[in-house]
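# Commentary on secondary and tertiary structure
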Amino acid sequence: MGARTRVMLALLAALWLTGSAAHEADSAPGSDESTPTFAAVQYTPVAGRPDDNLRALDALIARAVRDGADHVVLPELAVTGPLVGADGEPTFESVPTESIPGPTTEHFAAIAKRHGIWLVVPVLETASYGGTHHVTAVLLDDHGRILHTVRKIMPGGDGAEGEFVRGAAGTVVQSVDIGGRRVGLLFGHDLMVGVRRLADLGADVLLVPAGWRRDELYGWPQVVADIGREHRVSLVVATRQPEQRLGGVFPAGAPPVGATPNGDEDPGAVAAAQIESPAYALAPPASLGLPMMAIPRHSQFSPELVELGRDLFFDANLSRPGDMSCATCHKPEKYFADDRALSEGLDGRLTMRNVPSLLNVGYKGSLFWDGYVASLESQAKYPMIHVDEMDVRLLDNVEAYVRREPKYRQRLAALTHTPEAEITIEEVTFALASFQRTLVSGGSAFDRYYYGGETEALDAAARRGLALFQGRAACAECHLIGPRYALLTDQDFHITGVGYDAATGTFSDVGAGINSYEGKGGVFVTPSLRNVAATAPYMHDGSLSTLDEVVSYYDRGGNPAPDLDPKLRPLHLSPREKQDLVAFLRSLTGVERYSADGRLIVEADDQAQAAR
């Protein structure tokens, strides 16, 4: 790579000093590096006329694109129309359900790909078990790929449409990164609980397919605006009532943007607006094969704050007895991971799950194996108070400690512009998160081959493994490889069967199922495969010790378990093909190394170049 010293310097100097405006201005609309423009479609569909509804929606989407939108939200049941039976009462009997992907998602995937936009499409999904149906919001990216779904369970039988069970707040646990914005999905009737939940998880734009009826509509614009201001989020709301001035985009602290009234010649209306002042600055990539990193503007990032965060990361006084730091489990010399299935916390207690590497953690949208939080600032609090980890009992104790220590008190006050007596855990986590965002690792042999054009960077076995990874083995369906960079994760949740006991019919760890996914078990976020050869053991429970075991596990299609991800299937790889996959996985180890005190190790060639 030549001057590897810039790995840290670029991140420290450019993360904050280089704003996103200049870069975003040069980016193509709809790309993941442009400032996104959101639009909401207001449309009243006609029951029993899906073809007419599709034509009207296509026209409205085209109008939004002409107005500059690259992210469009459709209202609930926009294709099927109201679920009305022969007696005029809501029913599912007259409306066919479908699978996902299915005709509706395939239709809009083609639209998204043709226009180069992102779409949120609500679909009446085929029931997964007797007596219930799902209305499912599907997020399609500009390539027509399904990135995320949120389901609302609706009981079978008749009943007033407004009385259907709403999507539980627990189903709203995930947000995705779009152009430096953390974007989440929820249904209109979930605003009161879902907005708070997603805001707590770091989302700052929420896309909302709504189905409000005429008698519900009049009070909602003000309610939506108030919720947006209270939680400092922007809401993009699509409804089924175009004639009302409901509006589609509610930037935080601003009045609603009114929708264009419906004219006689128009099937509906579009409310589109640019959301200004992104909550994130975008930093240039620090290493080959990595994307730009989104840095929250409120983090007050600076090189000095990074250094303070490094000191805190290694300070054992953040634990109850003063003998365990963040680095106790996230060992720099072990790629900021641990080499044990479960790490040892205070008093010999074991951690609940395998300790993941912190390298490239700044790119993660869902933290912890169950995705419980979406920001590094929030994540930093949990190990401190967890009884099996640092067990500080109360975060107040951390605040009291840093206020007593002049080396922390004075620096935190100066760097975060906070009076010394008012320093809280928030300032501490700002510093810890700032340090962790500098822990990057790219420039692997794979990166040099795939993105750097070095044809000899991979040997023949690794090249065959890459072909399998992207082809018949289908690993890249979850461990994504993009045209410009690869995080090697879809940042989504899957059930792979790890930890399932067929005898008892239970998972040893339900993962995200405790908060979401309708109580399903064994739901975990896809880990990145960067540095995978150096961060054994594997899986959330550390149950697989080697890469050979991991490849063999997926070759047999995982463990049979309820709701196993449909992407898992027996591969029937030959012994040589398994070896080739392992060879490719070994090529994913980055060039960056870190010393025992968490500093980037500058190699001799960098020192020589710096001297010249």
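Check the entry above for the structure.
Keep in mind it's a predicted model, so treat the numbers as computed, not measured.

## So, the overall build of the protein chain
- A tally of helices and strands in the protein chain yields 19 helices and 17 strands.
- Residue pairs at least 24 apart in sequence account for 64% of intrachain contacts in the protein chain once pairs closer than 6 positions are excluded.

## Concerning the packing of helix α8 (residues 303-313) against helix α14 (residues 425-437)
- Contact pair α8 / α14: the axes reach a minimum separation of 7 Å and the direction vectors enclose 100°. It follows from the interaxial angle that α8 and α14 lie roughly perpendicular. Side by side, α8 and α14 meet where Leu-305, Val-306, Leu-308, Gly-309, Arg-310, Leu-312 and Phe-313 of the first sit next to Val-428, Phe-430, Ala-431, Leu-432, Ser-434 and Phe-435 of the second.
- For the contact of α8 with α14, the per-class residue count stands at 10 nonpolar, 2 polar and 1 charged.

## A few points about the pattern of salt bridges
- If you walk through the whole model with that rule in mind, you get 28 salt bridges.
- In this structure, Lys-331 engages Asp-338 in a salt bridge whose closest nitrogen and oxygen atoms are separated by 3.1 Å.
- Across the pair Arg-576 and Asp-580 runs a salt bridge whose closest N-O atoms are separated by 3.8 Å. Highlighted residues: Arg-576 and Asp-580, both in helix α18 (residues 575-586), separated by 4 residues, approximately one helical turn.
- The class for Asp-580 is buried, based on a relative accessible area of 3%.

## Brief notes about α18
- Here α18 contains 12 residues, and its C-alpha end-to-end distance of 17 Å stays within 8% of the 16 Å for a straight helix at 1.5 Å per residue.
- Among the residues making up α18, those that are buried are Glu-577, Asp-580, Leu-581, Val-582, Phe-584 and Leu-585.
- Against α15 (445-450), α16 (460-470) and α17 (547-555) lie the buried residues of α18.

## Here we look at the nonpolar core
- Leu-312, Phe-313, Met-384, Val-402, Leu-412, Val-428 and Leu-432 are the most contacted members of the largest nonpolar core, which totals 50 residues.
- Counting residues per element, this core draws most heavily on α14, which supplies 7 residues.
- Not counting residues within four places of it along the chain, the set of residues in contact with Leu-432 comprises Gly-309, Leu-312, Phe-313, Cys-326, Ala-380 and Met-384.
- Ala-445, Ile-481, Val-551 and Leu-585 belong to the second-largest nonpolar core, a separate cluster that totals 30 residues.

## Concerning the side chain of Glu-577
- Examined against the element boundaries, Glu-577 turns out to sit in helix α18.
- At 2.6 Å, the side chain of Glu-577 and the side chain of Arg-472 are in polar contact.
- Among the polar contacts made by the side chain of Glu-577, one reaches the main-chain amide nitrogen of Ser-574 at a distance of 2.9 Å.
- When residues no more than four places from it in sequence are discounted, the contact partners of Glu-577 are Leu-468, Arg-472 and His-572.

## Topic: the pairing of strand β1 (residues 37-43)
- Of all 7 residues that make up β1, 7 are buried, and the element is covered over most of its length.
- Side-chain alternation along β1 places Thr-37, Ala-39, Val-41 and Tyr-43 on one buried face and Phe-38, Ala-40 and Gln-42 on a second face that is also buried.
- With 3 bridges joining them, β1 and strand β2 (residues 71-73) adopt parallel strand pairing. By the bridge assignment for β2, Phe-38 is matched with His-71.
- At this point the chain moves from β1, through helix α3 (residues 50-66), to the parallel β2, and the crossover so formed is right-handed.

## Observations concerning the packing of α3 against helix α4 (residues 103-115)
- Between α3 and α4, whose axes approach to 12 Å, the crossing angle comes to 20°. The pairing of α3 with α4 is recorded here as roughly parallel in orientation. Considering only the axes of α3 and α4, their crossing is right-handed. Taken together, the residues of α4 that come into contact with α3 (itself represented by Leu-54, Leu-57, Asp-58, Ile-61, Ala-62 and Val-65) are His-107, Phe-108, Ile-111 and His-115.
- Broken down by class, the residue content of the contact of α3 with α4 amounts to 7 nonpolar, 2 polar and 1 charged.

## Things to note about the pairing of strand β3 (residues 118-125)
- Most of β3 is tucked away, with 8 of its 8 residues classed as buried.
- Of the two faces of β3, the one holding Trp-118, Val-120, Pro-122 and Leu-124 and the one holding Leu-119, Val-121, Val-123 and Glu-125 are both buried throughout.
- Sheet analysis places β2 next to β3, joined by 3 bridges and oriented parallel. Residue pairing across strands places Val-73 opposite Val-120, the latter belonging to β3.

## Re helix α12 (residues 395-404)
- Leu-395, Val-398, Glu-399, Tyr-401 and Val-402 are the residues of α12 that are buried. The buried residues of α12 all sit within an arc of 160° when viewed along its axis, so they share a single face. Turned more than 90 degrees from where α12 packs its buried face, Asp-396 and Arg-404 sit exposed.

## A word on the packing of aromatic side chains
- For the structure shown, the criterion picks out 13 aromatic pairs.
- Seen from their ring centres, Phe-313 and Phe-314 are 5.4 Å apart, and the 65° between their planes marks the pair as edge-to-face.
- A residue is classified by how much of its surface remains accessible, and Phe-313, at 1% relative accessible area, is buried.
- Here Phe-314 falls in the partly exposed class, since its relative accessible area comes to 26%.
- Taken together, the aromatic side chains of Phe-313, Phe-314, Phe-336, Phe-435 and Tyr-594 make up a single cluster linked through ring pairs.

## With respect to the environment of Met-293
- Among the secondary structure elements, Met-293 is positioned in strand β13 (residues 293-296).
- Since its relative accessible area comes to 1%, Met-293 is described here as buried.
- The spatial distance from the C-alpha of Met-293 to the C-alpha of Ala-283 is 5.1 Å, given a sequence separation of 10 residues.

## Focus: a nonpolar patch on the surface
- A cluster of nonpolar side chains, contributed by Tyr-372, Tyr-382 and Ile-385, occupies part of the molecular surface with about 230 Å² of accessible area.
- One can find Ile-385 in helix α11 (residues 381-385).
- Judged by its relative accessible area of 35%, Ile-385 falls in the partly exposed class.

Conventions used here
- Per chain, residues are indexed from 1 in the order of the written sequence.
- The predicted origin of the model limits local features to residues at a pLDDT of at least 70 and limits the giving and counting of side-chain atom pairs to 80 or more, whereas totals for whole chains, interfaces and linings rest on all residues.
- Just so you know, side-chain values use all the structure's heavy atoms and leave hydrogens and water out.
- Where helices and strands are cited, they refer to DSSP runs of H or I of at least four residues and of E of at least two residues respectively, numbered from the N terminus.
- In what follows, a contact means two residues having at least one pair of non-hydrogen atoms within 4.5 Å.
- An axis is simply a line fitted to the C-alpha atoms; with a helix, the fit covers only the stretch in contact. Between two such axes, the angle follows the N-to-C directions and lies from 0 to 180 degrees.
- Any angle that falls under 35 degrees is termed roughly parallel, while one over 145 is termed roughly antiparallel, one within 65 to 115 roughly perpendicular, and all others oblique.
- Classification convention: Asp, Glu, Lys, Arg as charged; Ala, Val, Leu, Ile, Met, Phe, Trp, Tyr, Cys, Pro as nonpolar; all other residues, Gly among them, as polar.
- For this document, the term salt bridge refers to a Lys or Arg side-chain nitrogen within 4 Å of an Asp or Glu carboxyl oxygen.
- Three exposure classes are used, based on accessible area relative to the maximum for each residue type with a 1.4 Å probe and protein chains only: buried under 20%, partly exposed in between, and exposed over 50%.
- Helix span, expected: 1.5 Å multiplied by one less than the number of residues in the helix.
- The nonpolar core is taken to be a set of buried Ala, Val, Leu, Ile, Met, Phe, Trp, Tyr and Cys residues, with the residues joined through side-chain atoms within 4.5 Å.
- We define a polar contact as two N or O atoms separated by no more than 3.5 Å, with the added condition that, inside protein, one atom must be a possible hydrogen donor and the other a possible acceptor, whereas residues neighbouring each other in sequence contribute only through side-chain atom pairs.
- Here the rule is simple: two strands pair whenever DSSP picks up at least two bridges between them.
- A crossover counts as right-handed when, viewed with the strands pointing away from the observer, the path leading from the first strand over the helix to the second turns clockwise.
- In this scheme the crossing of two helices becomes right-handed for a clockwise turn of the near helix relative to the far one and left-handed for an anticlockwise turn of less than a right angle.
- Think of it as the arc spanned by the lines of direction from the helix axis to the C-beta atoms.
- For Phe, Tyr and Trp, rings pair up if their centres lie within 6.5 Å, where Trp contributes its six-membered ring, and each pair is then called stacked (planes under 30 degrees apart), edge-to-face (over 60) or tilted (otherwise).
- Like charges are joined within 9 Å and nonpolar side chains (Val, Leu, Ile, Met, Phe, Trp, Tyr) within 5 Å, but only among residues with over 30% relative accessible area and no salt bridge; these make up the patches.
- The Shrake-Rupley method, run with a 1.4 Å probe, gives the accessible areas here. Residue values count only the displayed protein chains as cover.

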